[in-house]
Amino acid sequence: MRSYLSDRMGAALLMAPLLLFLVLAYAWPFLGVVKWSFTLPTPGLGQYEALLTDDLVQSVFIRTLRIAAVVTVVSVAAAYAITVVWVRGTPAQRLIAEFCILVPFWISVLTRAFGWVALLSNRGLINTWLQAIGFVSEPLALVRNEFGVIVGMTHFLIPFAVFPLASAMRSLDDRVLLAARGLGSSRMRTFWTVFVPMTRSGIIGAAMIVFVFSLGFFVTPAILGGGRSVMIAELIYLRIFQSPDWGLGAAISVVLVLFVGALMALLFRYVRPKQLI
Amino acid sequence: MPTYRPGPVSLIIAAFVALFLLMPLLAVIPVSLTPSRMLAMPSGELSLRHYRALIEDPRWLQSILLSIRIGIVSSAFSTVLALCFSLGVWMFQPRFTAALVGFVLLPMVVPPVVSAITLYFLLTSISGFSSFFGYDTWLGVAMAHSVMTVPFATVLILVSLSQLDRRIDLAARGLGATVWERATRIIMPNIKFGIVTAALLSFVLSWEEIGVTLFITSVNAITLPRLMWMGLRDNIDPAIAALSVILIIITVLVLAVRSLVVRQRGGH
């Protein structure tokens, strides 16, 4: 009996500091944000009404969903291609693939966004080359628009899609693939009818992670969109610091959390968390 | 070892993806060497003026020192909290463990902009009572960064604990070791690689944190990413290209050392 009691005490003492810290520094202030959404500037449901009627808010929501959908499809497809080589290539191929995945992963979002500005801007590398070879006479508008945002976000999110895909591909049994080839199936056919379906959980996990991340993206759209292609996170920033329309910023945050929460609940119905690491 | 290798089509597509991933990192090199004061490709001659600007403008050094200080404090704080919590979970396996771990992981899953507005609410409330802790103070930033890094530290430490053989702890317990002795003399030495990794990752995440930092600083607590942001937003300053090249070189070196260490340890 005594040891049972001291066990519970020990667990409580060890777990309490972090739990207390997060309740005080995260959960409690989040409730404060929820309160803002109902009280600023006037008490009531006005801010949530505005979400449903305000044209600007709606167009930003729709743009965010559209960009997130495109980014998800492109990043998961690109990540799939490089993960195949990372997991199943020769040792040299695997080393190169690992380098190309991990180096960008560890470099800050600002540096990466800046790199894309350097490549895509009017006086950047791509436009300089295209003009030098006489392919275009005027620089192409590659950045400060939705195209730039999609390119930058895809670049940021590919490594995040790689990890769930890699874990699905590692657990795949080679003999099934060899059997398909042995029975006369072509490489293409083996890939589409055996390999891809067997990594489905990884594809779902990767798509969900990329989509959820895209919804809350802030830095890349703000820099590569140049204020013209505003996404939902930047709208919150502008509402807090430029309007200061704290109530609406808070209401958008609450809706975003509910939406992401619903998506995560859906994700965990189909994929076990362990498969994502 | 897989015996089923990717075919030529896969290799060609993967090569394009690899190129795409490296391109923006390579693009900053020529920009950092341009003699122009604006963002442009060097045409003909090269110049190191933007590297010199980094040394001569004291704001860069100040923000680097501030970022290091905030990174060390928030990394130490979040690693200690995460370690205690994970030890509690592993040693006692209390009821509702899944719910408690889920709660701790929230700041990792919630969109960063929502965490940012939450921490903005917290720090502006604290500012009402205190002038050295709250909105736009370095302690306030360090605490906000701790909230953001603690889930990552917890995940890493829980993963290394899950690879530990429970029987060594049971043996120590059977021989009469106290909870404190089990934690510090049996368990922690066995997961020290995980603890160090957690502290390092927390530091790196704090060092490059910008989404939350933007909301909770204005003129005093200007971290390095915050200063880069200002240079990127207003007019694009090629000094950022020079800084980016230095950061990329450091990253590649650290990753190379890490992979050598991992290889020598025979891990994965």
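It should be emphasised that the depicted structure is a prediction, and the values quoted were computed from it without experimental measurement.

Criteria and cut-off values
Numbering of residues starts from 1 in each chain and follows the order in which that chain's sequence is written. Here the convention is simple: chains get letters from A, ligands get numbers from 1, in the order in which they are written. Local features are withheld for residues below a pLDDT of 70 in this predicted model, meaning they are given only at 70 or higher, and side-chain atom pairs are given and counted only at 80 or more; totals for whole chains, interfaces and linings count all residues. Excluded from the side-chain calculation are hydrogens and water; included are all heavy atoms of the structure. The way it works is that DSSP assigns letters per residue, a run of H or I at least four long becomes a helix, a run of E at least two long becomes a strand, and they are numbered from the N terminus. Relative accessibility thresholds used throughout: buried, under 20% of the residue-type maximum; exposed, over 50%; partly exposed, between the two (1.4 Å probe, protein chains only). Using a 1.4 Å probe, accessible areas were evaluated by the Shrake-Rupley method; residue-level cover was limited to the displayed protein chains. In this tally, Lys and Arg are treated as positive and Asp and Glu as negative; His is ignored, and so are the chain termini. Charge positions come from single atoms, namely NZ of Lys, CZ of Arg, CG of Asp or CD of Glu. By definition, residues are in contact when any of their heavy atoms lie within 4.5 Å. Buried surface area refers to the total accessible area, computed with a probe of radius 1.4 Å, that the two partners give up upon joining, counted for both partners together. Salt bridges are identified by distance alone: a Lys or Arg side-chain nitrogen within 4 Å of an Asp or Glu carboxyl oxygen. Whenever two N or O atoms come within 3.5 Å, that pair is a polar contact, provided that in protein one can donate a hydrogen and the other can accept it, and provided that, for residues adjacent in sequence, both atoms are side-chain atoms. Any residue that is not Ala, Val, Leu, Ile, Met, Phe, Trp, Tyr, Cys, Pro, Asp, Glu, Lys or Arg is counted as polar, Gly included; the first ten are nonpolar and the last four charged. pLDDT is a per-residue confidence score from the predictor, ranging from 0 to 100. Two distance rules govern patches: like charges are joined within 9 Å, and nonpolar side chains (Val, Leu, Ile, Met, Phe, Trp, Tyr) within 5 Å, applied only to residues with over 30% relative accessible area and no salt bridge.

Peer 1: Looking at this structure, I do not really get the overall build of chain B. What am I missing?
Peer 2: Across its full length, chain B carries twelve helices and zero strands. Start at the N end of chain B and walk to the C end: the helices and strands fall as α-α-α-α-α-α-α-α-α-α-α-α. With the C-alpha coordinates aligned to their principal axes, the bounding extent of chain B is approximately 75 × 65 × 30 Å. For chain B, the residues scored as buried account for 49% of the 268 residues in total. Here chain B has roughly 13,100 Å² of accessible surface; of this, 69% comes from carbon and sulfur atoms. With 18 positive and 11 negative side-chain charges, chain B shows a spacing of 11 Å between the two charge centroids.

Peer 1: Would you take a moment to explain the interface of chain B and chain A for this structure?
Peer 2: Size of an interface, as often reported, equals the accessible area lost when the parts are brought together. The interface of chain B with chain A comprises 86 residues on the first partner and 88 residues on the second. Taken together, both faces of the contact between chain B and chain A bury some 8,000 Å²; the carbon and sulfur share is 81%. Considering only the side of chain B, the residues that lose the most area to chain A are B:Y4, B:L21 and B:F121, jointly responsible for 10% of the buried surface there. One can count zero salt bridges joining chain B with chain A. Counting the contacts that link chain B with chain A gives five residue pairs in polar contact (both at pLDDT 80 or more). Tallied by class, residues from the side of chain B that touches chain A come to 69 nonpolar, twelve polar and five charged.

Peer 1: Help me understand the confidence of the model for chain A, please; the structure alone is not making it clear to me.
Peer 2: Detailed reading of predicted coordinates is not advised where the pLDDT is low. Of the residues in chain A, 96% reach a pLDDT of 70 or more, and the chain-wide mean stands at 87. By mean pLDDT, the top-scoring element of chain A is helix α3 (residues 55-88) of chain A (94), and the lowest-scoring one is helix α2 (residues 46-53) of chain A (81).

Peer 1: Help me understand the environment of A:E49, please; the structure alone is not making it clear to me.
Peer 2: Residues and elements named next belong to chain A. Looking at the element boundaries, E49 is found in helix α2. Using a relative accessible area of 55% as the deciding quantity, one classes E49 as exposed. Separated by 202 residues in sequence, E49 and A251 place their C-alpha atoms 9.9 Å apart.

Peer 1: Help me understand a nonpolar patch on the surface, please; the structure alone is not making it clear to me.
Peer 2: Side chains of A:M188, A:W192, B:V9 and B:I13 sit close together on the surface and give an oily, nonpolar patch of about 430 Å² of accessible area. Of all elements in the fold, only α9 (187-198) of chain A together with α1 (8-32) of chain B reach the threshold of two or more residues within the nonpolar patch. As for its placement among the helices and strands, A:M188 is situated in helix α9. A residue is classified by how much of its surface remains accessible, and A:M188, at 46% relative accessible area, is partly exposed.

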